[in-house]
Amino acid sequence: SSQLEQIRGVTTGAVRLEDVNTEAQVLTSRELARKVLDQSDALRASMIAGPKFNLLKSIGLGGEPEKVDEAKLVDDFLENLVVAPTTGSNIIRVAFRSEDREIAAESLQELSGAYLAKHLEVHRTRGSAEVFAAEATQHREELDNLQDKLFTLGRNHGSVDITIEKDSVLRE
């Protein structure tokens, strides 16, 4: 039971600061920022144009910016993202600064979705591999035991199966 909880990433004891800090680093990673910007056209447009451009556009005077520096866009997103682990708990406070609260809310929604997907990918992959490896070993041992029993049963009753005999000889 405790092994299964560890594989699933469930914490049953004290909160480990390094785990919380690792999750905070994932939240502030450039990879996640890129995913959020790719998912939200409104956020992307807001980050590209900035508040002055958005005001001009809202009154019909703004066009689309011509060139986009993707690295700068990610930097700007991360500058507006506030991630702060709460001392003594496994809670991480996350906020996004924007003059438009709808953009801020959408940014946080996209970030939480991208974070959860990344978290599951990382933890599921590691946990699944361990579970499947343990199950494969267990099934291999069960198969070996059954083959030995079948071989013994065949010998005791005078019947012989060539494949079982061959496998038995190869194992010895």
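Each remark here, short or long, concerns the structure printed above.
Given the structure is predicted, the values throughout are model-derived calculations rather than measurements. (Residues numbered from 1 in each chain as written. Predicted model: local features only at pLDDT ≥ 70, side-chain atom pairs only at ≥ 80, totals over all residues. Heavy atoms only, no water.)

## Things to note about the overall build of the chain
Part 1 of the reasoning: The helix and strand tally for the chain stands at seven helices and two strands.
Part 2 of the reasoning: Along its sequence from the N terminus, the chain presents helices and strands in the succession α-α-α-α-α-β-β-α-α.
Part 3 of the reasoning: Looking at the chain as a whole, 22% of its 172 residues are labelled buried.
Part 4 of the reasoning: Residue pairs in contact within the chain that sit at least 24 positions apart in sequence constitute 59% of those at least 6 positions apart.
Part 5 of the reasoning: When the accessible surface of the chain is totalled, it reaches about 12600 Å², and 54% of it is carbon and sulfur. (Helix = DSSP H or I, 4+ residues; strand = E, 2+ residues; numbered from the N terminus. Buried < 20%, exposed > 50% of the residue type's maximum accessible area, 1.4 Å probe, protein only. Contact = heavy atoms within 4.5 Å. Areas by Shrake-Rupley, 256 points an atom, 1.4 Å probe, with all protein chains shown as cover.)

## Details of the environment of Gln-39
Part 1 of the reasoning: Tracing the backbone through its elements, the reader meets Gln-39 in helix H3 (residues 30–39).
Part 2 of the reasoning: For Gln-39, a relative accessible area of 55% gives the class exposed.
Part 3 of the reasoning: Taking the C-alpha atoms as reference points, Gln-39 and Glu-106, 67 residues apart in sequence, are found 9.8 Å from one another.

## Comments concerning the packing of H3 against helix H5 (residues 70–80)
Part 1 of the reasoning: Relative orientation of the contacting elements H3 and H5 amounts to 100 degrees, with a least axis distance of 9 Å. The orientation of H3 relative to H5 falls into the category roughly perpendicular. Contact residues: H3 offers Arg-30, Ala-33, Arg-34, Val-36 and Leu-37, while H5 offers Ala-71, Leu-73, Val-74, Asp-75, Phe-77 and Leu-78.
Part 2 of the reasoning: Among the residues making up the contact of H3 with H5, the classes are represented as eight nonpolar, no polar and three charged. (Axes fitted to C-alpha atoms, helices over the stretch in contact; angles between N-to-C directions. Parallel < 35°, antiparallel > 145°, perpendicular 65-115°, else oblique. Nonpolar A, V, L, I, M, F, W, Y, C, P; charged D, E, K, R; others polar.)

## So, helix H2 (residues 17–27)
Part 1 of the reasoning: Within the sequence span of H2, burial applies to Val-20, Glu-23, Ala-24 and Leu-27. Seen from one end, H2 has its buried residues packed into an arc of 105 degrees, which puts them on one side. Among the exposed residues of H2, those pointing more than 90 degrees away from its buried face are Glu-18 and Gln-25. (Arc of directions from axis to C-beta.)

## Focus on the pairing of strand S2 (residues 92–96)
Part 1 of the reasoning: With five bridges connecting them, strand S1 (residues 81–85) and S2 associate as antiparallel partners. Among the inter-strand pairings, Ala-84 is bridged to a residue of S2, identified as Arg-93.
Part 2 of the reasoning: Counted between consecutive antiparallel strands, the loop separating S1 from S2 contains six residues, among which Gly-88 sits at a positive phi close to 75 degrees. (Pairing = 2+ DSSP bridges.)

## Observations concerning H5
Part 1 of the reasoning: All buried positions along H5 are accounted for by Leu-73, Val-74, Asp-76 and Phe-77. End-on view of H5: buried residues confined to an arc of 160 degrees, all on one side of the axis.
Part 2 of the reasoning: At the N-terminal end of H5, a side-chain oxygen is found 3.2 Å from the backbone nitrogen of Ala-71, two or three residues along, and the residue is Asp-69. (Polar contact = N/O pair within 3.5 Å; in protein donor to acceptor, adjacent residues only side chain to side chain.)

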